[in-house]
Structure formats: C-alpha cells, structure tokens
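A structural walkthrough
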Amino acid sequence: MAGGVKLEVLEDADALARRAADLIGDAVRANPALSVLVATGHTPMATYAELARRGLDASGVTAVQLDEYLGVGEDDPRSLWGWMRRAFVEPLGVGKVVRLGGGIFDPDTACRRYGAEVSALGGIDLAVLGLGPNGHLGFNEPPCGRGAPTRVVTLTPESLASNAGYWEGRAVPRRALTAGMDVILSARQILLLVSGEHKRGVLARTLREPPTPGVPASWLQGTGATVLADRAAWPGTAPA
Ligand code: F6R
C-alpha cells in the first residue's frame, strides 16, 4: 500500500492484462449494470482483448468515454470514440454508452451534457485508466488540481509526442475534451494500468511524491485505487 494506493506488480504485460481482466470481470459479475469509465491508449488493449476472449457478458454495462480530441469526426481514425467502440464496446457487447462530445459542436454544451449523463448514472462504478508520460489521467494535463472539472484542454508537448505514435504521421489535434479529475477521483473503484520501462519514472513520481498538480495521477494517492504495474514499469516488488 503506497499512500492509500494498492500496488500489484505483475511479471509482464500479459500477466497484467490477465489480472486486470480478472478484476474487471469480477466487478461486472458483481454488478452487471456497472458504469465503467474506459481509457483507450495502448496499455488496456490486451486487457480488453482478454475480456472478449473470456466471453464476458457486458450487455448490462454502461461504458463512459474518458476523453476525445476536439474537431475530429467519428469516422476519423484518430477519434478516441472510434477506438473505444472497436476495442471495448463492440467486442464485449456493451449495452449502453455515454459519449463525451459525440456529435455536439459546442464544447461547453458537450461537457454539461456529459456531466448530467454521468450524474444520472449515479456516478462511475469503475474507472479503467492508463498513465500518461506526463502523469496525465484521461487528458488532465499537468498542472491540474484534484477538483478539475470536465473541460476543454490544450495538449502538452509530451502528450502530442506520445500520441503522434498512434496516428502514423497524421497531425495530432492540439485540443481535447477530458472527463474531469472530479469524475475520475469519485469513481467507486479505480484501476490504473501501467506497463513498460518508459513509464517507470512517471509511475515512481505518481506513487512516491506528495500529491501535486505537476503529476495529476498523484491525486490517486489516498483514494484506495489499485495500480497494476508490470515489472518493467516497477522493477522493485511492492510496496512503493
Ligand atoms: C486514453 C487516455 C490516456 C492514456 C495515457 C496512456 O483514453 O485517456 O490518458 O491512458 O496517455 O496511454 P498509453 O496506454 O498508450 O501509454
């Protein structure tokens, strides 16, 4: 237990995906109407594939979008909604989704509608998150307070550089919508997945430094979140 965070270190990325699939599967079986905040990015892809391989019945689940680029259409391959649909919603047969920004052109209206839909769900039961190279959660870029609301953000150079890898030379949009830290931190269960040596430094800062706006993920300290890291990201054994 590091600062109110449960850290589990897994041998490698495959073991991490299996453990994450165990935890998500247990949560869905315990509450088939679970509301789940769903990260895209590379890290959780093996977990989602494992859940699909296991035939998890997620027909009662509501999948809630975590973030989206601004000015990117649904059919644009960069759209995070498209990624979430292909990797999570369709393979698991998810019954209902809450979109962030989908089809709404005015960002403030999109954020308000999202907040109302998340409230109508009774909040988030489970947040499945990845860790940005700059410590972001969703697109809550540093500096970011623990109460930051759902909003438009300008991406930092680190995020632009890391996301450039996903889109094969296409320009990365510079602005995005993100679920606020307030939405993320009030989730009843939080699962942060961290894989790879390139996340080692930022994971150490997330767990070991006093919580700071400079590392938004450090606000997870004290929430009881579970962090699953592979040995490449956390070369020691737990605890942090
Ligand atoms: C994606 C998201 C981001 C990623 C983070 C890590 O929806 O919200 O916060 O989770 O940038 O990305 P990967 O897993 O690609 O290293």
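Rules used throughout
- Residues numbered from 1 in each chain as written.
- Predicted model: local features only at pLDDT ≥ 70, side-chain atom pairs only at ≥ 80, totals over all residues.
- Heavy atoms only, no water.
- Pairing = 2+ DSSP bridges.
- Helix = DSSP H or I, 4+ residues; strand = E, 2+ residues; numbered from the N terminus.
- Axes fitted to C-alpha atoms, helices over the stretch in contact; angles between N-to-C directions.
- Contact = heavy atoms within 4.5 Å.
- Buried < 20%, exposed > 50% of the residue type's maximum accessible area, 1.4 Å probe, protein only.
- Arc of directions from axis to C-beta.

Turning next to the sheet that holds strand E1 (residues 6–10). With parallel pairing, 7 strands are arranged side by side in an open sheet as E1-E10-E9-E6-E2-E3-E5. Edge positions in the sheet fall to E1 and strand E5 (96–98), since each of these pairs with one other strand and no more. On average, each strand axis in the sheet is tilted by 20° relative to the strand beside it, whichever way the strands run. As paired elements, strand E9 (residues 189–194) and strand E10 (residues 226–230) share 4 bridges and run parallel to each other. By the bridge assignment, Leu193 is partnered in E10 with Leu228. Of the strands in this sheet, E1, strand E6 (126–130), E9 and E10 touch helix H1 (residues 13–30), which is tilted by about 155° from E10.

Moving on to helix H5 (residues 157–164). Listing the buried residues of H5 in full gives Ser159, Leu160 and Asn163. Looking straight down H5, one finds that the buried residues subtend no more than 100° of arc, so they occupy a single side. For H5, exposure combined with an orientation more than 90 degrees from the buried face picks out Pro157 and Ala161.

Cis peptide bonds are those with omega within 30 degrees of zero, and the linkage from Pro142 to Pro143 qualifies with -5°. Locating Pro143 in the fold gives a position in the loop between E6 and strand E7 (151–154).

Everything listed here is a matter of geometry and, on its own, says nothing about what the molecule does.
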